[in-house]
Amino acid sequence: MLKHCTACNLPETYETIEFDESGVCNICRQKEFKDQAIDWAGRLEQLGMLIEEYRGKYDYDCIVPFSGGKDSTFTLHYLMKEFKIKPLVVQFNHGFMRQGLLKNNERTFRKLGVDVVSFRPNWQLVKRLMLEALVRKGDFCWHCHTGIYSYPMHVALQHKVPLLFWGEPSSEYTAYYDYRDDEIEEVDEEKFNRSTNLGITAEDMAGMISGDFDFDPRDFRPFSYPPMRELKKLKYRSVCLGSYIPWDVKKQVKLIQDELGWQGDQVEGIPWSEYPYEKIECHLQGVRDYIKYLKRGYGRVTQMTALDLRNGRISPEKARRLIDDHEGRKPHSLPIFLDYVGLTEEEFNQIVAKTVVPPYQPDFNAKYSPQTSDFENWYREPEGNIGPRRRVVPIVNSGGR
Amino acid sequence: MIGVLNIGMGNMRSVENAVHQLGFDPLVVDQQDGFDDLTHLILPGVGNFSAAMPEIGTRRLKQPILDFAASGRPLLGTCLGMQLLMGMSDEGGVHAGLGLIAGKVGRLQGEGLRVPHVGWNILNMARPHPIFQGIKKGRDFYFVHSYAAVCEQEEDLLASTEFGGPVAAVVGRANVVGVQFHPEKSQVNGLRMIENFCNWDGKC
């Protein structure tokens, strides 16, 4: 039986969690600090000064790294509307963007009127990276974590745009950056190595797959953080908008729905009526959340209800019901994913079992979650292309020549 | 150009690397005519006061350093480099220093105190300074030393650390500043301090 926060219900297997004497977790405590002790008026003033420092001096006032989910859409809209900035939108396309998201992007880009750079990495490499990261860390999203955070930094250097605005601060969810430190969350190489890249640099990863996969070293550039010297020479600043204004997901979703026609979507394992706005970007989200549940005994619904419980927007009983009804179900995207990485479900279960966080004990026989309406459109790997393209290593005959 | 003084001893290379990483252009200076193009000068240091001062003399670098300081450009001494800024030291016999900051360097002393002082220790800032910008109270820096400076004038002491009592950690006067710890080995806060120094115009 896992120990849970008495206030928000997050379990002891949650990353960076600690409980105080009254059984309340540090994520709840830092949220109290966010609400009561941070000088948000002063922070907003700092934001204005930061923007003015860079305004009009470069090809763009700033870069907004952009997936098209609720947070980056809000960030882009807020900065353009409140501060009249000219941004460059930079998108790292992990390869699994859903139709609903792409339609949202289209609406947002046309309505706001912005320049957009979109980048999609080599699919054959991505398949091999997903397999390696799954086996080593029980987290197949390494290419996405690293690409999202490093690719826009490369674009900043190419276009010589030193200011970057990310959206939601990680303090909303974890204590890697604690609101109580009362600091601006700098999205830099320190953060990248600390909580983004799973402890695996691009250089490490290249070494890990070099035994059976042919690649050009340049293939790894989008996943590697640019040299500190180059970023420093550019005088870069890379920060979260949520360090300057108090982040409020529900309020912000309402705003982008009203102003931009942004639409939510069905996501596997999440109650669609309650949380249609969360994690709509990727058709493998269901697999990601399923693995999380198998490893740690909680999923996305627990995180969403924890946020609502902290804000007093849901009753503990309703949160319990939503969690019991939706969380930990097996997603229909699982067999699609397994064909990408070339594993059977049995092999997948064995891999995930090795990364389970004690004291949780997983059950691999969950019921399926409902199919989403766009399920049929998700990319399937055709016969003959299943699994990563791995080199057959020749057996070297060392005797004679 | 950020000058890094080379007197054939110490950890010049790691200071040079830190300056380079931070986006500035370091230039190693070991001759008396190398100072004109410099905007800033760093005196790194690991070693013995009684060996360093004569070496500066032999290389005829004392006057160029004093001239550089007199020009108002920012000058930073780290570890032994900081001690060299002082009036004198009794390490290995009594030796005169550069005399840019009034005071002397003596051996760390205290009941049961283990010398050298090695490891991470907290900085207690006594007064504000441009090199402290963005560095929060109570952050740790990396120290390795057996001798420490004592300022004659209280206002020259910018920060201290605790090691059997308060020990001078940062000293400064006008465009000259010295740090007893190794900023180049003090991770993010140390790098920030070097960056602040490289961005400093020498005015307080």
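Residues numbered from 1 in each chain as written. Chains lettered and ligands numbered in written order. Predicted model: local features only at pLDDT ≥ 70, side-chain atom pairs only at ≥ 80, totals over all residues. Heavy atoms only, no water.

A. Just the nonpolar core, in detail. Residues and elements named next belong to chain A. In terms of nonpolar packing, the biggest core is built from 58 residues, with L47, Y78, L79, F165 and L241 touching the most fellow members. Residue contributions to this core peak at 6 residues, all from helix α3 (residues 70–83). Those residues in contact with L47 that lie beyond four places of it in its chain are Y78, F83, F165, L241 and Y244. Counting 32 residues, the second-largest nonpolar core is a separate cluster that includes A133, L157, L164 and Y236. (Core = buried A, V, L, I, M, F, W, Y, C linked by side-chain atoms within 4.5 Å. Buried < 20%, exposed > 50% of the residue type's maximum accessible area, 1.4 Å probe, protein only. Helix = DSSP H or I, 4+ residues; strand = E, 2+ residues; numbered from the N terminus. Contact = heavy atoms within 4.5 Å.)

B. Region of interest: the sheet that holds strand β11 (residues 147–151) of chain B. Residue and element names in this part refer to chain B. With mixed pairing, the 4 strands of this open sheet are ordered in space as β6-β5-β7-β11. Since the sheet does not close on itself, it has two edges, and those belong to β6 (95–96) and β11, each with one partner. Bridging between strand β7 (residues 101–107) and β11 involves 5 bridges; their strand directions are antiparallel. When the sheet's bridge partners are listed, R107 is paired in β11 with Y147. (Pairing = 2+ DSSP bridges.)

C. Region of interest: empty space enclosed by the protein. Residue and element names in this part refer to chain A. Here the structure, examined in full by the defined rule, presents 5 cavities of 30 Å³ or more. Of the voids in this model, the largest cavity is the one considered here, and its volume is about 100 Å³. Lining the largest cavity are 15 residues, and of these E268, G269, D289, Y290 and G328 sit closest to its centre. Elements with a minimum of two residues in the lining of the largest cavity: α11 (285–296) and α12 (300–310). In terms of residue count, α11 provides more of the lining of the largest cavity than any other element does, 4 residues in total. Each residue belonging to the lining of the largest cavity can be placed in one class, and the counts come to 5 nonpolar, 5 polar and 5 charged. (1 Å grid on protein atoms, 1.4 Å probe; cavity = no way out; pocket = protein on both sides within 12 Å on 5 of 7 lines; lining within 4 Å. Points joined across faces, edges and corners; volume = space filled by probe spheres on them. Nonpolar A, V, L, I, M, F, W, Y, C, P; charged D, E, K, R; others polar.)

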